[in-house]
Amino acid sequence: MAPVILVTFAGRQKRMEILTRYIRSAMEAGIIDEWHVWDFTRSLQDHEWVTREFGPVRYMGSAAPYQSNGSVAPNQPLRLSATITNDLHLAIVPDDGSQDYFELVVGGWSNSHSVLRKLPLSQLQSFDRNDVPALWSRPTPGILSPGTANQIVLNIDAAGVPSLHVNNVAIGRWTELDLSAGASIMVRGGWGADLELGNVRERIQRFVGNPNEQMPYWQAYDYYAKRLKTFSDSIFLKCDDDIVYMDLEKLSDFIEFRRTNPKYLVVSANVVNNGVCAHWQQVAGSIPEGVGHFERPPGGFGGSLWQSAERANELHDYFLQTNSKHLPLPSKVIEWNERQSINFIAWLGKDLVHMALPKGDDERALTVDLPTLLERPTAIYSDFTVSHLSFGPQEQGLALDRLIDAYDELMRSALAA
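Residues numbered from 1 in each chain as written. Predicted model: local features only at pLDDT ≥ 70, side-chain atom pairs only at ≥ 80, totals over all residues. Heavy atoms only, no water.

- In the nomenclature of an unreviewed UniProt entry, the protein chain corresponds to Farnesoic acid O-methyl transferase domain-containing protein from the organism Sinorhizobium glycinis.

Structural notes on the UniProt feature "domain: Farnesoic acid O-methyl transferase" (unreviewed entry) in the protein chain
Working step 1: According to UniProt, the positions carrying the feature "domain: Farnesoic acid O-methyl transferase" (unreviewed entry) are residues 76-161.
Working step 2: As annotated, residues 76-161 comprises 5% helix and 49% strand, and the C-alpha atoms at either end are separated by 12 Å. (UniProt positions renumbered as here; feature names shortened; annotations may be inferred. Helix = DSSP H or I, 4+ residues; strand = E, 2+ residues; numbered from the N terminus.)

Remarks on the packing of helix 1 (residues 13-28) against helix 11 (residues 400-416)
Working step 1: One can describe the packing of helix 1 onto helix 11 by two numbers: an axis separation of 10 Å at closest approach and a directional angle of 10°. In terms of orientation, helix 1 and helix 11 fall into the roughly parallel class. Relative to helix 11, helix 1 is oriented so that their crossing is left-handed. From helix 1, K14, R15, I18, R21, Y22 and S25 reach across to helix 11, where they touch L400, D401, I404, Y407, D408, L410, M411, R412, A414 and L415.
Working step 2: Of the residues in the contact of helix 1 with helix 11, the class split is nine nonpolar, one polar and six charged. (Axes fitted to C-alpha atoms, helices over the stretch in contact; angles between N-to-C directions. Parallel < 35°, antiparallel > 145°, perpendicular 65-115°, else oblique. Left-handed = near helix turned anticlockwise from the far one by under 90°. Contact = heavy atoms within 4.5 Å. Nonpolar A, V, L, I, M, F, W, Y, C, P; charged D, E, K, R; others polar.)

Details of helix 7 (residues 275-283)
Working step 1: Of all nine residues in helix 7, eight are buried, a share of seventy percent or more.
Working step 2: Within helix 7 the residues assigned to the buried category are G275, V276, C277, A278, H279, W280, Q281 and Q282.
Working step 3: Taken together, the buried residues of helix 7 touch strand 18 (267-272), helix 8 (304-307), helix 9 (309-321), strand 19 (333-336) and strand 21 (378-388).
Working step 4: In this structure N274 caps helix 7, since a side-chain oxygen of it lies 3.2 Å from the backbone nitrogen of V276.
Working step 5: Looking one or two residues beyond helix 7, the residue adopting positive phi is G285, at roughly 85°. (Buried < 20%, exposed > 50% of the residue type's maximum accessible area, 1.4 Å probe, protein only. Polar contact = N/O pair within 3.5 Å; in protein donor to acceptor, adjacent residues only side chain to side chain.)

Digging into the pairing of strand 8 (residues 113-120)
Working step 1: Two elements, strand 7 (residues 100-107) and strand 8, share six bridges in a ladder whose sense is antiparallel. Each residue of the ladder has a partner; that of V105, found in strand 8, is V115.
Working step 2: Pairing between strand 8 and strand 9 (residues 134-139): five bridges, direction antiparallel. Its bridge partner lying in strand 9, L116 is registered against W136. (Pairing = 2+ DSSP bridges.)

Section: the side chain of Q205
Working step 1: Mapped onto the elements of the fold, Q205 is located in strand 15 (residues 204-208).
Working step 2: On the basis of relative accessible area, Q205 is assigned to the buried category, the value being 2%.
Working step 3: Side-chain polar atoms of Q205 contact the side chain of R58, separated by 3.1 Å.
Working step 4: Discounting chain neighbours no more than four positions away, the residues touching Q205 are E34, W35, H36, V37, P56, R58 and V200.

Topic: the sheet that holds strand 4 (residues 67-72)
Working step 1: Read across the open sheet, the six strands follow the order 4-13-6-7-8-9; overall the sheet is antiparallel. If you trace the sheet from one side to the other, it starts and ends with strand 4 and strand 9, each paired once. Shown here is a sheet whose adjacent strand axes are inclined to one another by a mean of 20°, direction ignored.

The following block contains the structure:
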């Protein structure tokens, strides 16, 4: 069977904790095979939570800061499988309480030289090295291969002396260093070089995008599109970090529909608090007029629900009060040819051939531009329901704490059933 990969663009801890419980339950049930958590957080607190909560780092953009990647001790080497073209950075943080660390740059200066530096720990998150002298430097032309995963072995001998091998070539041994107490290791790329760690095998993997991009999500699509051969047989699910309800009993049906209906470029779940879905839910009689009027958003974008915290509060409250936790559409499948919010969508891995998206609006690209170019519609699948907490314009005035508490209680009762 095709592996099922869930992709989440992580941003906010409080909103994502409910989703985390649903996804872990789906993975335990064997419905989802891998969870790829993309760290696009905008606050240090959220970044630290994502780092603690989710699996080892698999991929880092070239501007991503150092990430922890294990440890090394006498006769306990660190082994990495690193796909990178230049500037592999290793931070060696001694376990002896030192306030300094050692930085190894492998294949710097366009893959021509390698250096060792000593730096204060305060500079771990900085890229500025202009006035830092090298403890050691050596020409290493072509040391990193762009055509394969580079095999990196950092060793500490019984005397505490570290040494490095790259693709079975001895790069350096530093007798002036004493790492007999062991060290923690952090890694990053840099200077235009992304880093992928191929020895990560866990089912939950963390991907760290370049920080401070206003619309960073293209990085994820670009990553998968460049690895078409790896992922062409997969089925992708992509969900927002603030999905606060998921009908796990119908998730497998949604995946099977996606697999067996290749004419649709993307298929959306039936989403609560989604303008297009709300319109069709009301057309079907699933949302009474007393809850509010949910018009068809012009061109599928925006609309009164998207703009209004009050309307979102009312819709969430109505959904939470329903017994079925399902707002059926007029038919099992709504074929759609306009824009729609991509709160929870699915696509086929083979369609990654079309998905090297430009920087910009990924939602418009996936639901308007690509379907128009390829002459393939999108669809909304009625029988799989999820609830989406909020859009940006709804943030001011939405009863966030009350709704999160209500959805948390719903999640606990649903998973306990």
